[in-house]
There are 2 protein chains.
Amino acid sequence: MTENFDVAIIGTGSGNSLLTADYDRLKVAIIERDVFGGTCLNRGCIPTKMFVYAADVAETVRHSSRYGVDARLDTVRWNDIADRVFGRIDPIAAGGEDYRKSLDNVTVFNGEARFTGERTLEIRSADGSSRHIVADDIVLAAGASPRIPPIPGLSEIPYHTSDTVLRIRELPRSLIILGGGFVAAEMAHIFGSFGVDITIISRGTLLAREDEDISREFTRQYSDRFTTYLNADILEAAPGGDGTVRIDVRVDGERISVAAEALLVATGRTPASETLALDVAGVEVDAAGYVVTDKFLRTTVPGIWALGDITNPAQLKHTANAEARIVAHNLVHPDDLRAIDLWPIPHAVFAGPQIASVGLTEQELRRAGTRAYVTATHHYGDVAYGWAMEDTENFCKLIADAETRVLLGAHIIGPNASMLIQQLIQGMKFGQTVDEMARGMLYIHPALSELVENALLKL
Amino acid sequence: MTENFDVAIIGTGSGNSLLTADYDRLKVAIIERDVFGGTCLNRGCIPTKMFVYAADVAETVRHSSRYGVDARLDTVRWNDIADRVFGRIDPIAAGGEDYRKSLDNVTVFNGEARFTGERTLEIRSADGSSRHIVADDIVLAAGASPRIPPIPGLSEIPYHTSDTVLRIRELPRSLIILGGGFVAAEMAHIFGSFGVDITIISRGTLLAREDEDISREFTRQYSDRFTTYLNADILEAAPGGDGTVRIDVRVDGERISVAAEALLVATGRTPASETLALDVAGVEVDAAGYVVTDKFLRTTVPGIWALGDITNPAQLKHTANAEARIVAHNLVHPDDLRAIDLWPIPHAVFAGPQIASVGLTEQELRRAGTRAYVTATHHYGDVAYGWAMEDTENFCKLIADAETRVLLGAHIIGPNASMLIQQLIQGMKFGQTVDEMARGMLYIHPALSELVENALLKL
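This is a predicted model, so every value here is computed, not measured.

Trainee: Go over the pairing of strand 22 (residues 407-413) of chain A, please, and point to the residues and values.
Mentor: All names here are of chain A. Judged by how many residues are buried, strand 22 sits mostly within the fold: seven of seven residues are covered. Taken together, the five bridges between strand 19 (residues 355-359) and strand 22 define a ladder with antiparallel strand orientation. Bridge pairing links S357 to H411 in strand 22. Pairing of strand 21 (residues 395-401) with strand 22 involves six bridges; the strand directions are antiparallel. Its bridge partner lying in strand 22, L398 is registered against A410. In sequence, strand 21 turns back onto strand 22 through a hairpin of five residues, with R405 there showing a positive phi of about 65°.

Trainee: Quick one: what's the story with the UniProt feature "binding site: FAD" (unreviewed entry) in chain A, residue by residue and with numbers?
Mentor: According to UniProt, the feature "binding site: FAD" (unreviewed entry) maps to K49 and D309 of chain A in the numbering used here. Along the chain, K49 of chain A turns up in helix 2 (residues 45-62). Not counting the four nearest positions on each side in its chain, K49 of chain A is found in contact with E186 and F350 of chain A together with Y385, A388 and P446 of chain B. Position of D309 of chain A among the secondary structure elements: in the loop between strand 17 (304-306) and helix 7 (317-332). According to the relative accessible area criterion, D309 of chain A is buried, its value standing at 15%.

Trainee: Requested: an account of unusual backbone geometry, with residues and values cited.
Mentor: It is generally the case that most residues other than glycine have a negative phi and that most peptide bonds are trans. Looking along the chain, the bond that leaves W343 of chain B and enters P344 of chain B is cis, with omega of -10°. Considering the arrangement of structural elements, one finds P344 of chain B in the loop between helix 7 (317-332) and strand 18 (346-349). Here L207 of chain A, not a glycine, exhibits a phi torsion of approximately 45°, which is positive. Here L207 of chain A lies in the loop between strand 10 (197-201) and helix 5 (212-225). The phi dihedral of D242 of chain B falls on the positive side, at around 55°, and the residue is not glycine.

Trainee: Outline the interface of chain A and chain B, supporting the account with residue identities and numerical values.
Mentor: Contact residues are listed per partner, giving 76 residues for chain A and 76 residues for chain B. Together, the buried faces of chain A and chain B total about 6900 Å²; carbon and sulfur atoms form 64% of this surface. Three residues, W387, L442 and I444 of chain A, lead the burial of chain A against chain B; their summed loss comes to 12% of the area buried on that side. One can count eight salt bridges joining chain A with chain B. Residue R88 of chain B pairs with E390 of chain A through a salt bridge whose shortest N-O separation is 3.8 Å. At the junction of chain A with chain B, the criterion picks out 25 residue pairs in polar contact (both at pLDDT 80 or more). In terms of residue count, the dominant contributor to the side of chain A that touches chain B is helix 2 of chain A (11 residues). Of the residues belonging to the side of chain A that touches chain B, the class tally is 42 nonpolar, 19 polar and 15 charged.

Trainee: Provide a residue-level description of the environment of G243 of chain B, including the pertinent values.
Mentor: Residue and element names in this part refer to chain B. For G243, the location among the structural elements is in the loop between strand 12 (233-239) and strand 13 (245-251). A relative accessible area of 64% places G243 in the exposed class. Separated by 19 residues in the primary sequence, G243 and A262 have C-alpha atoms spaced 9.1 Å apart.

Trainee: How would you explain the sheet that holds strand 22 of chain A if you had to name every residue and give the values?
Mentor: All names here are of chain A. As summarised here, the arrangement of the five strands in space is 18-19-22-21-20, forming an open sheet in which the pairing is antiparallel. The sheet is open, and its two edges are formed by strand 18 (346-349) and strand 20 (373-379), each paired on a single side. Recorded for the sheet is a direction-independent mean angle of 10° between the axes of neighbouring strands. As judged from the seven bridges shared by strand 20 and strand 21, these two strands associate in the antiparallel manner. Across the sheet, A376 pairs through a bridge with L398, a residue of strand 21. The strands touched by helix 11 (residues 422-429) within the sheet are strand 18, strand 19, strand 21 and strand 22, with strand 22 carrying the most contacts at an inclination of about 175°. The sheet strands contacting helix 13 (residues 450-458) are strand 20, strand 21 and strand 22, and the helix crosses strand 20 at an angle near 145°.

Trainee: Report on the packing of helix 4 (residues 182-193) of chain A against helix 5 of chain A, specifying residues and quantitative values.
Mentor: Residue and element names in this part refer to chain A. At a minimum axis separation of 12 Å, helix 4 and helix 5 run at an interaxial angle of 30°. Taken together, helix 4 and helix 5 sit at an angle that is classed as roughly parallel. For the element pair helix 4 and helix 5, the recorded crossing hand is left-handed. Each of A185, A188, H189, G192 and S193 in helix 4 lies in contact with helix 5, whose residues at this interface are F218, Y222 and R225. Along the lines of polarity and charge, the residues of the contact of helix 4 with helix 5 split into four nonpolar, three polar and one charged.

Trainee: Describe the sheet that holds strand 19 (residues 355-359) of chain B, with residues and values.
Mentor: Residues and elements named next belong to chain B. Pairing in this open sheet of five strands is antiparallel, and the strands run 18-19-22-21-20 from one edge to the other. With one partner strand each, in any of the chains shown, strand 18 and strand 20 (373-379) form the two edges of the open sheet. Direction aside, neighbouring strands of the sheet carry axes that sit 10° apart on average. Helix-sheet contacts for helix 13 (residues 450-458) involve strand 20, strand 21 (395-401) and strand 22 (407-413), and the interaxial angle to strand 20 is about 145°.

Reading guide: rules and limits
Residues numbered from 1 in each chain as written. Chains lettered and ligands numbered in written order. Predicted model: local features only at pLDDT ≥ 70, side-chain atom pairs only at ≥ 80, totals over all residues. Heavy atoms only, no water. Buried < 20%, exposed > 50% of the residue type's maximum accessible area, 1.4 Å probe, protein only. Helix = DSSP H or I, 4+ residues; strand = E, 2+ residues; numbered from the N terminus. Pairing = 2+ DSSP bridges. UniProt positions renumbered as here; feature names shortened; annotations may be inferred. Contact = heavy atoms within 4.5 Å. Buried area = accessible area lost by both parts, 1.4 Å probe. Salt bridge = Lys/Arg side-chain N within 4 Å of Asp/Glu carboxyl O. Polar contact = N/O pair within 3.5 Å; in protein donor to acceptor, adjacent residues only side chain to side chain. Nonpolar A, V, L, I, M, F, W, Y, C, P; charged D, E, K, R; others polar. Axes fitted to C-alpha atoms, helices over the stretch in contact; angles between N-to-C directions. Parallel < 35°, antiparallel > 145°, perpendicular 65-115°, else oblique. Left-handed = near helix turned anticlockwise from the far one by under 90°.

What follows is the structure in structure tokens.
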């Protein structure tokens, strides 16, 4: 039997937020193959930041003597942290699912969806049973999942991904992290702060997509803090002795074996498009598997929409939420379509140090070569609050159009970067010039925002 | 002998920053009765924030177990903190003075100035010697100093003010703080975090000039954290036993004696106008002693200018710096006068919790009764980063014009308030509506700026 719906939503992360009051009169199917609530709530942004905050606390204790405060770190109660985090999050996920199930017009399907026709889906449950539905509109919001690289031997040894590593019940003494992106950076900070001996193995430098100055400084700090093998060829994974795992790498022509109690694979993410059999519906994906959409977030098939990590390589919750608002409107207002406008997209990496960024990097501008730009860098150590922090490493780098004087990019490495950048996002969005932002308003002295003020003044 | 100058500047805080390139051709006298560099550098914003940062570190250690990180606070090395702070600051002050003294066109006078005529000053040195100068333009930038209230017995016992308390060489076991303003709040945080037993005695509530909700919550938190006697009549000060000091107060009709090893008087500040004999020059001051200026920062006497704490009750370095830029320009460009535009003036209190504020308070708006407004309050505990912080108390309160939808005031109590508010200052200054700021740009998820975003959305 095939059940009919007005709308079917595949994925319950930002997809779940589609159901505004407009949808009360529609018959809606929501399909989730994993835990209700999506990556951000269950495995991503929120739990990681809760662990990161505890990691920041541990690091503050560890470095407190720098400020004349002598303290000792006795224990990190990993299970208590995990229980606190998931004790808060898991009920939210469960409550969200229960709420949706309580609605008369919504049916929640727990299972994996795949297209069997342009508007028909088969949903297979974990128990092997299968149901078929038809929907007038279908929203692809199935997200993405960790990408597992084809490393010889990897499938024969135990390893974690960001989906599982925060749910372990005992901290390993040592952890190898494969990857150099934001997941690797945040996880190294979390586990390293909690006393785990970290080795990072990356095929390039760290956070290589950040502005080149930021990536260089971050790589330098992480190379001081952790054991790192950068620009490494990963040759093989194998069991080590005593239940450990072993990774063999080649760095600068030399073969090196690294062993640890645990392994985290953090080598990127793959959009969840493969399991959906999108080709059956005719939905186009790009070479990397991301669903192709137009500015109204329509896919190449009328009536099929997409949002979030399955369509946006940025893999950011705040863009997914903005996309969800657009789809929520457009789906029920076909004659009044709104275009998505995400520019400028900011992001942050909650590592130690923190990174925040918005707009273009200097290497992007140089490669494009189409506009004259000016840059300015100001260090935390050169503003009063940075003196208080005894910071000697971190900085704010700004890039502005040499002619129009508007910001093209802003990049911050250091404490509170994710907050400091918000006014620059605002300035970029509303077209304020560097000069207006620098001199047109007062900055509280001696707040850390003076870092931004001084970088603007330098421009 | 009377020496002639083009410009005489009384005070070396923001006054010292007047000397732009425009002044290279002028003969300048700079007069300082205290340490070169002013309150902010030597006794105010900068050293207090350096101590506050160490206090924040100590508090993080003390509360780390809340996050699953068990740590012990062994010692606070007060002298090491003080040596670090003043070891950085004092050379800057000395270097600033040496630099000015090295300039051919600048003469630095160490002494106390007072008018002996409309353009003539007598400068008395500490050694009792006296010099006389005449200047075409005179800038009053002498600042302010702690106000000592007329409490019976106070002059017979030892006490500290914000000028001296950070330079003590040994932490007292207990400290009475008289006052409920920002100095009292920050000093209680510093010394309390370092283990000193704090008693705050205030004639009203704490931070009573803040928005009423902020003041109420701050008072509540400080009443939990410290011993407080609020709405207290201070009756008498006297020596206690064993070298302690004793303060007698009446609270709710009851007379109470409070004793402690040390006393800090933090009951407000007085502009340094009295010692200048301004009446001789004819410079008008208001009832509280602040020098009266027009929008070009001219006093009532042509050729005499004023800026900073001597003219601005806000007692803020960032307004003083903005005023200095105006005077620096206007003094040498009499035909191209620039008006001061400080609106909106933000400020922060770096206490525990932190406070930041800009624009009007709700009680000011209610009293004025001239415009319809709407308010919204969002708690740290209701955004994801606040979950990570386990915050249950702090919040952001916004007030907007009900009609135009622009912000009238923003008030934040809680961690990082001084940074979070900067985007709201920017929005107010450049006329962005609440709706533009709320929905017109992306906020990084899950950065703490989502607190501001959600408060804006609620409006």
